[in-house]
Structure formats: C-alpha cells, structure tokens
Amino acid sequence: MRWLLLKDLQILRRSPLQAVLLVAYPVLIAVLVGLAVSRGPEKPRVALLNEVPANARVSLSGTKLPSANVQRRICDKVECVHVHSRDEAVAKVESGDVLAALILPEDLVNKINSLSTLSPGTPKVEVLVNESDPLKAGIVDDRIEALLAQANLTLAKRIAAEGGKYLNLVIRGGDLPVLGGGIHILGLQASAHILEAIEPALPNGPLKVALSQVTEFANQAGENLDIAGPLINRLAQPITVEKVAVGGSSPPLETFAIAVAATLTLAFVAVLLVAGSLALEREENAYPRLTRGLVSARALLGEKVLLGVVVGLVVTILMLAGLTIFVPLEWSRFGLWLAAIVVGGASLATAGAALGAAAREVRAVSLLAFMVTLPVAFLSLVPSGTVGQGLYDVIKVITALFPFKPALEAITSALEAGNGGIGGPLLHLAILCIAYAAIARLALRRFTRV
Amino acid sequence: MQARGLVKRFGDREALKGVGFSAEPRELVAVIGPNGAGKTTLLSILAGIQAADGGEVETGDGTVGWVPQQAALYRRLTVEENLLLFARLEKHEDPSASVEEMLDLTGLRERRGEIVARLSGGNQQRINIAIGLLSRPSVLLLDEPSVGLDSRQRARLWEFVSALAGRGTTVIFSTHDIQEAERYGNRVLVLADGEALFDGPAEELREAVRREAPEAADRDFETAFVAYLHHRGH
C-alpha cells in the first residue's frame, strides 16, 4: 500500500496546478475567514447634511433638554461624510461615493418642540438613496431605519424623563425654574398634610366635610400619580426583550466560521483527491493490472482513503495554523482536532471513493465530486426556522447522508469546549464511512470490465 | 498453456462459444479475427481478469503476464518510476536491479527519467510490455500490442517480442491484422463471433483460405481471408 501511496504523492507533485490549488485554496480560505472574523463589518459611508442650528435644543414646557448628540450617535454607526448642501449630497449619492445621504433639516428641532403644543408638526429627516443597486438600497434602508428608531427611542426617553420630573414636582413639591428665576410648587403631599392639620380646627359642618373631601382627593391623587410615574417611563419603550437560550448552546460565531472553513477545506481535498485519484486508476487502465494479484481492490480502496486523510489532515492543520494569525485557537485541544479531522477526513474520503468509482474519467469525476460537495455543504449551513418545516426535514435527511455536516459538528466541537459532545458526530461519521466504503467496493466491480 | 471449451456470455450474447487451444514454450500464437470476434475476452480470461462461464484454463507452474491493449501505466510518472513501482508491487527482492534489466530489455535506458506521457506510442507500449514481464511470466498475453504504432515502431516492437519468445516465453497475442499474424505468429488461432474457426500454422491457414474461398485465391491474403470468413458464415 505504501508504494501506491508514494506513487499517488508523486503524481500529485507532478501536477503543479493541482498541488498549488491544494495549498492555495486553504490559505485563501484561511485568510478570508480570518479577515472576516477578526474585523467587524465596514461602516457604510453616508453623507450627512446637518442644517439644525448648533444651539437648538428640544424643550419641554419651555425647558430646554440637554443635547442628545444625535450627530455623534449617527456617526458612530456609519462613516459620516459631511456635506454643506443638498446638491452636494445628491451628487455624492449619484456618483456612488456614498451609499446614501441623511439630511437633518433646519426646522427639525422646532417641529419636535411643536409636538407638545396645540398645533403639532411632523418632524422629518430626508434620506437620499441610489436605488440602482437593490442590495445597497436594502442595506441603507436597514441602517437608516435602525438609526431613526434609536434616535426616536432616545428622544422618547428624554421626554418621558422630563415629564416624570414635572409629575414628581406636582406630587412632592419643589422649585420650578422659570425665566431664570423659580416658582415654589407646594405639591399634593404637602397640601394634604396642611389640610389634614387644619381640619381638626374647623367646627363640624359643611365646611369641614368639604375640606375633608379635598384632603382625601390630595392624598389619592398623590398616591395614584406616584404609580403614573413609572408608566410614563415605560411609554418610551413599552416592550423589552428577554432572550432565553433553549435547546443547546451555539458556538461563538468565530469558532463556527473557522469550523466551516476547516470542514470545507477537508471536504474538498478529501473528496476531490480520492475521487480523482481512483478515477485516474481507471483512466490509466491500471486498475485491472493492479488488482490482478498485485493488490486487492480493498487494499487499493484503503490506500486512496489514506491518501485523502493524510493530505486532508496536513492541509486542514496548515489552514488552522494560518488562522491563528487572526484568531486565537485552543491548541491544547489538538488531540480532539486530530480525531475530528481524521475521522471526518476518512468519512469524506470514502464518499469520494464512492463518487470516484462512478465514472471513468477524472474530469467527469471531479465535476461530479464538486457538484455533490458544494450543494451539500451549502445545505448543511441552513439553520432551522429559515425554511419551511417540511423542506428542513428533507434537508436534514440529505445532510445526514453525506459526511459534511457531522464533520462540521465534530470539528466545531473539537475547536472549543462547550460546543456539544464530539462522540455523536464521530459515531455518525464512522457509520457513514462504513456505508460509503461498501458502496465504493461494489462500484469498483465495474472497473474490472476490460 | 491450455484452454478447453471456454464459454463467456454477456447477457444474451455469447462472446466465446467453447474455444480451446494450447500453446508451447517459445511459441508465438496469433489470435486473429475481426472486431468483436472475442479476442480481448479470450485473452482477459486467460489472464484471469475475467471469469469464464464455462470451460477451463491450465497455465502450468509458471505465471501469466498480461499486457492490455491500451497501455496500463502512469503517464505522469517517469519510465523508471513506473517500472520501480510495479517491481515493488511484484515484491522483487531487488526492485532496482529489475528496473535496470527492463531498461536494457526495452532499450529505454537513455530515457529512464522521462515522463511517460512525453514518449511516443511505441515506447509507451514497450514499457507496457516490460511491466507485463516484471512478473517473470512463462506465458505473456499481448492484447493488440501494435495498435496505433507506425511501421517503424511496429518493427521494433516485434523484434522485441520475438526476442522474448526466443528466450523461452510463450507469447499469445491478439491482432486483427492478418499479415501481422502471418508474419510473426508461429501458429494462428482464428476467432469469429466467439467461435474458433482455425488453429494451426500460418501456411495451413493460407491453404485453408485457398481451399474454401477459391474465387479469392488470386487476390491479396487479407481479401481472401475476408472471403474465407464469409464462406464460414461470418
């Protein structure tokens, strides 16, 4: 078997394009995944025209609220390109220099302030989008809507907080600042206390009864308005989200991305190499000569699987080593990595052998292997709930029949603790390995026809 | 080597219908017949690649070397790497010495380091045969060894094969070229539609053709042979 393995490695060495692809592919994947997981998404460039006067403040009942720093908040979320006129903003959007333009009109604060008057206006901001690219338009819509929702929430909280202060003043009393001076507000609670103190001094009669009613009203109003305070605060954000994880834990996104990259690399190397190498035996007419007493079909199959595992292991480990430039990996779990890659590689390699035994030509086999591996890999990444239940059940069955998904689960589990047990996926891979080896062995019988 | 009553069926089609013959050491036996006559099937059964549905094959004590019609070697490896691989798989005690021996035998010593894909068809066929010889066979089966070779390459190939037979190897080769069979075969086995029509020396075949197809006796041997097959119902 070792001479056949040596022969296959010599052939691999003689095919520079194939060898370069085998090395370059995982390096490329490693760099792309590394960059993707180590750098956040780029902020979209948005032109910002802020025509609101610098000293304009939202006021409530004549009291100016502190600045909400809307411009800073916007520029935290997007890369702001400050422009000085609407025409300049339009030009930048049309030229593609920016994804969109956000225009805060001069009267924005006045319109907001009018909301608490008898003639409320409608505060508006203007968003300019180049709709020629639906993808960009969608991204901008989402970002701007999120920004405006956040701005509305901040504003609503400020208003609710100010409203709460006034309510507190009515209940507990205090000083109300007006025109640089202040007015003392007695408050419902103090009023009730004063009335309660006066009441015993009054003679029985209609005046005492009336005073008693006013005292009771002051007490009840104070108590009920105390409850209204939290209600006003909740109005700004009536629903809050409490996330509870049910049904297992998901791996961190970085770990999952690395596991996907490693499994893809392993799958392509193992499946394509083994399928192509087995088909080459047939294309070179060597199979009948080899199995005429020199090696058994089973030994030849074993050699091909070993080739896929060895090359797949080397390339995948190189890729993971490359990723450590970008993301720290737990090398202390190297033993588990090896187990996952070797068992996953063996299972993928036997699947490759089954595919390789299906066609006579290397090119046809390579195409077949690619056409099977890529869609199965894609289907294996479809999360539950994103498609209909019936379709998801079909996807689950398909992905369970090919070793990609269990290999992904095993590698995810091996990379980091707390990503689920590795035993289940390894057992699944072992079963698939036996099944595909049996299929490949049966398919190899076709090779003997001369 | 002796074969008796060989039968092979592919579904309803009977590829061999009770074919039998024998071959002695140093003998060159040409198996001749039109395409689809059963030549490759017969050789693959003699080689043990396929099992016969009936009949038996005796090979004596020695091994049987098989050289398929299309070169069965690795075109991306060098001449030497191919020979070394198969010598190792044959479990030779000294594979390197066997390689040297085969390089001398094929006359390809100068080209030992060349990738096989860059060699001519004739040279590829010589390596193909050399690999078949690595098992040190007492019987060598060659399936249409001269297909795709030019006349100069053919001449060199037959010189090489004749030398093997001269050293004691029994050589059984298939061909659809009647002149090649007549020129290089000590004996000729004529197959048509899975039947053995003739088994004997080439001169006797000429006599049989003249006797059974007298109207074509004055024509060239190939034309006369086709007329002979026609007379025999093929």
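Thresholds applied
Residues numbered from 1 in each chain as written. Chains lettered and ligands numbered in written order. Predicted model: local features only at pLDDT ≥ 70, side-chain atom pairs only at ≥ 80, totals over all residues. Heavy atoms only, no water. Helix = DSSP H or I, 4+ residues; strand = E, 2+ residues; numbered from the N terminus. Buried < 20%, exposed > 50% of the residue type's maximum accessible area, 1.4 Å probe, protein only. Contact = heavy atoms within 4.5 Å. Areas by Shrake-Rupley, 256 points an atom, 1.4 Å probe, with all protein chains shown as cover. Disulfide = S-S within 2.5 Å. Core = buried A, V, L, I, M, F, W, Y, C linked by side-chain atoms within 4.5 Å. pLDDT = per-residue confidence, 0-100. 1 Å grid on protein atoms, 1.4 Å probe; cavity = no way out; pocket = protein on both sides within 12 Å on 5 of 7 lines; lining within 4 Å. Points joined across faces, edges and corners; volume = space filled by probe spheres on them. Nonpolar A, V, L, I, M, F, W, Y, C, P; charged D, E, K, R; others polar. Phe/Tyr/Trp six-rings, centres within 6.5 Å; stacked < 30°, edge-to-face > 60°. Salt bridge = Lys/Arg side-chain N within 4 Å of Asp/Glu carboxyl O. Pairing = 2+ DSSP bridges. Axes fitted to C-alpha atoms, helices over the stretch in contact; angles between N-to-C directions.

Chemist: Would you take a moment to explain the overall build of chain B for this structure?
Modeler: Assigned secondary structure in chain B consists of 8 helices and 9 strands. Taking all 234 residues of chain B together, the buried fraction comes to 54%. Within chain B, contacts between residues separated by at least 24 positions form 67% of all contacts whose residues are at least 6 apart in sequence. Of the roughly 10200 Å² that chain B leaves accessible, carbon and sulfur atoms contribute 43%.

Chemist: Would you take a moment to explain unusual backbone geometry for this structure?
Modeler: Note: most peptide bonds trans; most residues except glycine with negative phi. Residues and elements named next belong to chain B. Of note in the backbone geometry, Glu144 takes a positive phi value of approximately 45° without being a glycine. Following the sequence through the fold, Glu144 ends up in the loop between strand 6 (139-143) and helix 5 (151-166). Relative accessible area serves as the criterion here: at 7%, Glu144 is assigned to the buried category. The backbone of Asp193 shows a phi angle near 50°, a positive value even though the residue is not glycine. Looking at where Asp193 falls in the secondary structure, it is placed in the loop between strand 8 (187-192) and strand 9 (195-200).

Chemist: When you look at the state of the cysteines in this model, what are you seeing that I'm missing?
Modeler: Two cysteines joined by a covalent bond between their sulfur atoms form a disulfide. Residue and element names in this part refer to chain A. Summed over the entire model, instances satisfying the criterion amount to 1 disulfide over all chains. Paired by a disulfide, Cys75 and Cys80 hold their sulfur atoms 2.2 Å apart. Its S-S torsion of about -105° marks the bond between Cys75 and Cys80 as left-handed, since a negative value means left-handed. Judged by relative accessible area, which is 21%, Cys75 ranks as partly exposed. For Cys80, a relative accessible area of 18% gives the class buried.

Chemist: Can you walk me through the nonpolar core in this structure?
Modeler: Nonpolar side chains in soluble globular proteins tend to be buried together. By size, the foremost hydrophobic cluster in this structure holds 128 residues, and its most contacted members are Leu320(A), Leu83(B), Ile129(B) and Leu205(B). Once residues within four sequence positions are removed from consideration, Leu83(B) is found in contact with Val99(B), Met102(B), Leu103(B), Ile127(B), Ala130(B), Ile131(B) and Leu134(B). With 23 residues, the next largest nonpolar core counts Ala23(B), Val29(B), Ile49(B) and Val139(B) among its residues.

Chemist: Just checking my understanding: could you explain the confidence of the model for chain B for this structure?
Modeler: One rule of thumb: low pLDDT means the predicted coordinates there are not for detailed reading. All names here are of chain B. Taken residue by residue, chain B gives an average pLDDT of 87. The fraction at 70 or more is 100%. The least confident element of chain B, judged by mean pLDDT, is helix 8 (residues 221-231) at 83; the most confident is helix 2 (residues 79-89) at 94. Per the prediction output, this complex has pTM 0.69; the corresponding ipTM is 0.78.

Chemist: Before we go on, may I ask you to explain the layout of surface pockets in this structure?
Modeler: The probe, sized like a water molecule, is rolled over the atoms to show the empty space still left. Residues and elements named next belong to chain A. If you add up the space inside the second largest pocket, you get close to 710 Å³. As for the second largest pocket, its lining consists of 23 residues, of which Gln18, Leu21, Leu272, Val362 and Ser366 are closest to the centre. For the lining of the second largest pocket, the leading source of residues is helix 9 (residues 253-283), giving 8 residues. When its residues are assigned to classes, the lining of the second largest pocket shows 14 nonpolar, 5 polar and 4 charged.

Chemist: Sorry, what's going on with the packing of aromatic side chains here?
Modeler: Centre distance and the angle of the planes are the two values used to describe a pair of aromatic rings. Tallied over the entire structure, the rule returns 8 aromatic pairs over all chains. Consider the rings of Phe225(B) and Tyr228(B), whose centres lie 6.0 Å apart with planes at 25°: the pair is stacked. Taken as a pair, Phe225(B) and Tyr228(B) lie in helix 8 at a separation of 3 residues, close to a single helical turn. In this structure Phe225(B) comes out as buried when scored by relative accessible area, which is 6%. Each residue in the set Trp331(A), Phe334(A) and Trp337(A) is aromatic and connected to the rest through ring pairs, giving one cluster.

Chemist: Is there a simple way to think about the pattern of salt bridges in this case?
Modeler: Once their charged atoms are close, side chains differing in charge can pair, the charge on each being opposite to the other. Within the structure shown, the criterion is met by 30 salt bridges over all chains. In this structure, Glu81(B) engages Arg14(A) in a salt bridge whose closest nitrogen and oxygen atoms are separated by 2.7 Å. Taken as a pair, Glu81(B) in helix 2 and Arg14(A) in helix 1 (residues 2-14) lie in two separate chains rather than in one. The shortest N-O distance in the salt bridge between Glu284(A) and Arg75(B) comes to 2.3 Å. Taken as a pair, Glu284(A) in the loop between helix 9 and helix 10 (286-290) and Arg75(B) in the loop between strand 5 (64-67) and helix 2 lie in two separate chains rather than in one.

Chemist: Help me out: how do you make sense of the sheet that holds strand 6 (residues 126-129) of chain A in this one?
Modeler: Hydrogen bonding along the main chain pairs the strands of a sheet, whether they run parallel or antiparallel. All names here are of chain A. Strand order in the open sheet made by the 4 strands is 4-1-5-6, with mixed pairing throughout. Each having just a single partner strand, strand 4 (79-82) and strand 6 make up the two edges of the open sheet. Each strand of the sheet is rotated relative to its neighbour by a mean of 25°, with strand direction disregarded. Relative to the sheet, helix 3 (residues 70-77) contacts strand 1 (45-50), strand 4 and strand 5 (100-104), its axis offset from that of strand 4 by approximately 125°. Strands strand 1, strand 4, strand 5 and strand 6 of the sheet are contacted by helix 4 (residues 86-95), whose axis makes an angle of about 35° with strand 6.

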